[in-house]
Amino acid sequence: ELWVSGDAVAPDARAKELGIKTTDDAIDKFIIDKCIDVRLFGAVIPIKQKGAMEMSLKGPVQFRYGRSLHKVKWEFVQGTAAFLSKAGSKQRSFREEYVVPYALIAFYGVINDRAALATKLSDEDVSKLIEGMWLGTKNLITRSKTEHNPRLLIKIDYKDGVKYHHGELDYLVKFVSDKDDFEVRDVSDYYLELSELSESLKSISDKIDSVWFIKDPRLDTRMNGLPEDIEKIFEFTEVKKIDLE
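Remember, predicted model here, so these are calculated numbers, not experimental data. (Residues numbered from 1 in each chain as written. Predicted model: local features only at pLDDT ≥ 70, side-chain atom pairs only at ≥ 80, totals over all residues. Heavy atoms only, no water.)

Participant: What exactly am I supposed to notice about the pairing of strand β2 (residues 55-58) here?
Facilitator: Here is the key point about a regular strand: its side chains alternate between the two faces of the sheet. Taking every second residue as pointing to the same face, the buried face of β2 carries M55 and L57, while none of S56 and K58 on the other face is buried. Relative to β2, strand β1 (residues 42-45) runs antiparallel, the two sharing four bridges. Bridging across to β2, I45 finds its partner in M55. (Buried < 20%, exposed > 50% of the residue type's maximum accessible area, 1.4 Å probe, protein only. Helix = DSSP H or I, 4+ residues; strand = E, 2+ residues; numbered from the N terminus. Pairing = 2+ DSSP bridges.)

Participant: So what exactly am I meant to see when it comes to the packing of aromatic side chains here?
Facilitator: The description of an aromatic ring pair rests on the distance of the ring centres and on the angle between the ring planes. Per the counting criterion, the structure on display carries five aromatic pairs. Seen in terms of ring centroids, Y102 and Y190 are 6.2 Å apart; in terms of plane orientation they differ by 55°. Their pairing is tilted. Of the two residues, Y102 is situated in the loop between β6 (92-99) and β7 (105-106) and Y190 in the loop between β10 (174-176) and β11 (191-193); the sequence distance between them amounts to 88 residues. Of the residues examined, Y102 reaches a relative accessible area of 14% and is grouped as buried. Y190 sits in the buried class, given a relative accessible area of 4%. Residues Y158 and Y164 carry aromatic rings whose centres are separated by 6.2 Å and whose planes lie at 80° to one another, so their mutual orientation is edge-to-face. Note on Y158: relative accessible area 21%, which makes it partly exposed. (Phe/Tyr/Trp six-rings, centres within 6.5 Å; stacked < 30°, edge-to-face > 60°.)

Participant: Would you mind showing me how to read the sheet that holds β10 here?
Facilitator: Pairing between the strands of a sheet is mediated by backbone hydrogen bonds and can be parallel or antiparallel. One open sheet accounts for four strands, arranged β10-β11-β13-β14; its pairing is mixed. Two strands close off the open sheet at either side, each with one partner strand: β10 and β14 (226-227). As paired strands, β10 and β11 are joined by three bridges and run antiparallel to one another. In the strand pairing of β11, F175 is matched with L192.

Put into structure tokens, the structure is as follows:
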């Protein structure tokens with residue numbers, strides 16, 4: 001795999017960084033073979049080749065915008081900046097920002113098997129994506145993102161040859177708390193009701209090969225209001241735990 005800087009550069013400069021020539025007839029193959037992000041998410045490559053100004057590869061992996069499963073509270077905060085507002089000044093300037101004290105955000109995505117053929121997406125690539133999603137979230141160490149924690153990841157594998165996906169699974173996960181939404185501050189303040197998700201997937205169990213999951217031990221998952229393990233919730237199919245230790 002190749003690693004490049006995250007800096008914005010001109011197409012020719014990026015091509016040089018990747019070690020490819022803009023006149024290379026096999027540029028798409030080179031990019032696919034060397035760049036996992038292209039195999040996962042596709043790319044628009046603005047390099048002149050054979051009279052064309054760009055080449056487009058549709059990404060097999062697509063995510064919707066994340067959304068909070070509950071109402072969130074915005075708070076306005078101020079802080080002292082580290083620098084003076086101008087030379088000779090005796091007072092530091094202030095920074096102002098809005099923060100969300102707590103939010104449980106759900107993301108939903110699909111992996112298109114047909115598009116995966118075009119970008120040569122492999123099972124190993126998908127495993128790296130899952131690892132990056134879980135461990136990457138845990139390792140967001142910045143002032144604004146400290147203690148971002150992944151709580152639950154569920155991956156549905158369909159049987160070979162099945163041209164189908166259920167869609168919008170995040171809408172089937174229900175956030176339940178005795179507290180007002182605005183007062184939620186910790187994972188212990190709520191539970192996730194997964195009965196609707198379970199029943200919906202059970203209705204298409206003939207199309208499902210397996211359910212993969214990884215779960216924060218502190219997260220409370222339930223079926224019809226009663227605490228239940230993920231293995232039991234999806235007992236209608238093969239359930240496999242993702243091991244990232």
